[in-house]
Amino acid sequence: MSEKIPVIDFAPFREGDTVARSALAAEIYRACHEIGFMYLKHPGIDSDLIARTMMHSRAFFNLPLTEKNKLAWSDEPSNRGYVGVGRERLDESKPGDLKEAYNIGFESGSTQLKNQPSLSCNRWLEGDDRFRDTMLDFFSACNETAKVICEALAIAINLPEAFFVNNHNQQDNTLRLLHYPPIKQTPESGQLRAGEHSDYGSFTLLFQDAVGGLEVRNTRGEWIEAPFIPETVLVNTGDLMERWTNHVFCSTKHRVRIPQDQRAKQSRYAIAFFCHPNHDTEISCLKTCHSKERPSLYPPITAGDYLLSRLKATY
Ligand SMILES: O=C(O)CCC(=O)C(=O)O
Ligand SMILES: [Fe+2]
């Protein structure tokens, strides 16, 4: 595994011809195969929209707990709403994470999503349309970028360009605001801002502030930093993508440490967009990812069942 997470300029893929797109897909292949993490420069998401979403995130987490708890996360199938500090354990063997979060998914309006009864409604702050509109604009911008990443990943492993796009077209994705509050008391033994974990779905887009603390584990078991790099989005391939591609793309463990300096007393903010396959997509080893020498490692499973089982283990 390389020691540094590569920074890849994504503009030639979004704007270029077939030759430019293949060259970029080859770079993306290397990153997803060797480290499972990459920074994409020019991801096609407006920086003002990112800044606006961050601003709304800060205001949201500043609300009194009683207000945030009115939107409390209630169940795994919906996976929407507010999650209080210590509620989630990304590392199941450790104390709860020192973070709070707020999730939204595809806005289904008054109509209910297929396979997901009334549970699948987003939980909004009453009377705050600007918060709602910004979150939905950001969800939609991430979804557009995710589509182009889906094309790159398909080309990278010699599948038809639309393969992943078609298997992600129901927008079963989760947009999550994250706040890691200032550390005021000595944490419990082994407690982190976010425990060691890998992400569950296809891939994640991560936007972080400059406070730092995110680390990625390399193949030698060493933790390397994944710092904030302006004008980029950090992208990592998740467990379902690893399973689908028979480990051609890897899902790498990462965590958010408590800084050892003054920054522990600062809030840290991040936004994650978890891109998931359609709930009813069957995740079985892709035809270009197995051979006699590389037999398939997992039985098929539907994406929805898999994600539900992972969420049940962390709450
Ligand atoms: O806050 C971060 O930088 C990373 C969060 C993360 O890895 C996650 O929520 O899955
Ligand atoms: Fe993660």
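See the structure shown above.
These numbers were taken from a predicted model, which means no experiment stands behind them.

J.: Can you help me understand the packing of helix H3 (residues 47–62) against helix H5 (residues 129–156) in this one?
T.: When two helices pack together, their arrangement is given by the angle between the helix axes and by the axis-to-axis distance. Viewed as axis vectors pointing N to C, H3 and H5 meet at an angle of 135°, and their least axial separation amounts to 10 Å. Of the possible angle classes, the one that applies to H3 and H5 is oblique. Between H3 and H5 lies a crossing whose hand is left-handed. Only Arg130, Phe131, Thr134, Met135, Asp137, Phe138 and Ala141 of H5 make contact with H3, whose side of the interface consists of Leu49, Ile50, Arg52, Thr53, His56 and Phe60. A breakdown of the residues in the contact of H3 with H5 according to their chemical character gives seven nonpolar, three polar and three charged.

J.: I'm lost on the coordination of the iron ion (ligand 2) in this one. Help?
T.: A metal bound by six donors in octahedral fashion has ideal angles of 90 or 180 degrees, whereas one bound by four tetrahedral donors has an ideal angle of 109.5 degrees. Each protein donor to the iron ion (ligand 2) is listed here as His197 (NE2), Asp199 (OD) and His254 (NE2); together their distances run 2.1 to 2.2 Å. Here the donor residues for the iron ion (ligand 2) map to a single chain with the spacing H-x1-D-x54-H. Here His197 matches Asp199 in class, with each residue buried.

J.: Help me understand the site of ligand 1 in this model?
T.: The immediate surroundings of ligand 1 are formed by Leu178, Tyr180, His197, Asp199, Leu206, Leu214, His254, Val256, Arg268, Ala270 and Phe274. Contacts to ligand 1 include Tyr180, whose side-chain N or O atom sits 2.6 Å from an oxygen atom. The separation between an oxygen atom of ligand 1 and a polar side-chain atom of Asp199 is 3.1 Å. Look at ligand 1: alone it shows 290 Å² of surface, and the protein chains cover 97% of it. Within the residue set of the shell around ligand 1, elements represented by two or more residues are strand S5 (174–180), strand S11 (254–256) and strand S12 (268–275). Looking at the shell around ligand 1 element by element, the count peaks at three residues for S12. Grouping the amino acids of the shell around ligand 1 by side-chain chemistry returns seven nonpolar, two polar and two charged.

J.: Help me understand the sheet that holds strand S6 (residues 194–197), please; the structure alone is not making it clear to me.
T.: Sheet strands pair by backbone hydrogen bonding; their relative direction is either parallel or antiparallel. Spatial strand order, S6-S11-S8-S9: four strands in an open sheet with antiparallel pairing. If you trace the sheet from one side to the other, it starts and ends with S6 and strand S9 (223–225), each paired once. For this sheet, the mean inter-axis angle between neighbouring strands, taken without regard to orientation, is 25°. Pairing between S6 and S11: two bridges, direction antiparallel. Its bridge partner being in S11, His197 is matched across the sheet by His254.

J.: Help me understand the pairing of strand S7 (residues 203–208), please; the structure alone is not making it clear to me.
T.: Moving residue by residue along a regular strand, the side chains alternate between the two faces of the sheet. Among the six residues that make up S7, six are buried, leaving the element largely enclosed by the rest of the structure. On S7, burial covers both faces: Phe203, Leu205 and Phe207 on one face and Thr204, Leu206 and Gln208 on the other are all buried. Strand direction decides the pairing type here: S7 and strand S10 (residues 232–237), joined by four bridges, are antiparallel. Bridged to Leu205 within S10 is Val235. Of the pairings in the sheet, the one linking S7 to S12 comprises six bridges and is antiparallel in character. Across the sheet, residue Leu206 finds its bridge partner in S12, namely Ala272.

J.: Whenever I open this one, the sheet that holds strand S2 (residues 37–41) confuses me. Can you help?
T.: A sheet is described by the order of its strands in space; here eight strands give the open sequence S1-S2-S10-S7-S12-S5-S4-S3, paired in mixed fashion. For this open sheet the edge positions go to strand S1 (7–9) and strand S3 (81–83), each flanked by a neighbour on one side alone. Across the sheet, the mean angle from the axis of one strand to that of its neighbour is 25°, orientation sign disregarded. Along the sheet, H5 makes contact with S2, strand S4 (100–104), S5, S7, S10 and S12, crossing S7 at roughly 130°.

J.: Explanation requested: the pattern of salt bridges in the structure shown.
T.: Two side chains carrying opposite charge are able to pair once their charged atoms lie near each other. Scanning the model with the defined rule gives 19 salt bridges in all. Lys70 is paired through a salt bridge with Glu67; the nearest N and O atoms lie 2.9 Å apart. For Glu144, the salt bridge is made with Lys147, and the minimal N-O distance between the two is 3.3 Å. Here Lys147 and Glu144 lie together in helix H5, a separation of three residues that amounts to about one turn.

Calculation notes
- Residues numbered from 1 in each chain as written.
- Chains lettered and ligands numbered in written order.
- Predicted model: local features only at pLDDT ≥ 70, side-chain atom pairs only at ≥ 80, totals over all residues.
- Heavy atoms only, no water.
- Axes fitted to C-alpha atoms, helices over the stretch in contact; angles between N-to-C directions.
- Helix = DSSP H or I, 4+ residues; strand = E, 2+ residues; numbered from the N terminus.
- Parallel < 35°, antiparallel > 145°, perpendicular 65-115°, else oblique.
- Left-handed = near helix turned anticlockwise from the far one by under 90°.
- Contact = heavy atoms within 4.5 Å.
- Nonpolar A, V, L, I, M, F, W, Y, C, P; charged D, E, K, R; others polar.
- Donors = N, O, S within 2.8 Å, 3.2 Å for Na, K, Ca; no water.
- Buried < 20%, exposed > 50% of the residue type's maximum accessible area, 1.4 Å probe, protein only.
- Near = heavy atom within 4 Å.
- Polar contact = N/O pair within 3.5 Å; in protein donor to acceptor, adjacent residues only side chain to side chain.
- Areas by Shrake-Rupley, 256 points an atom, 1.4 Å probe, with all protein chains shown as cover.
- Pairing = 2+ DSSP bridges.
- Salt bridge = Lys/Arg side-chain N within 4 Å of Asp/Glu carboxyl O.

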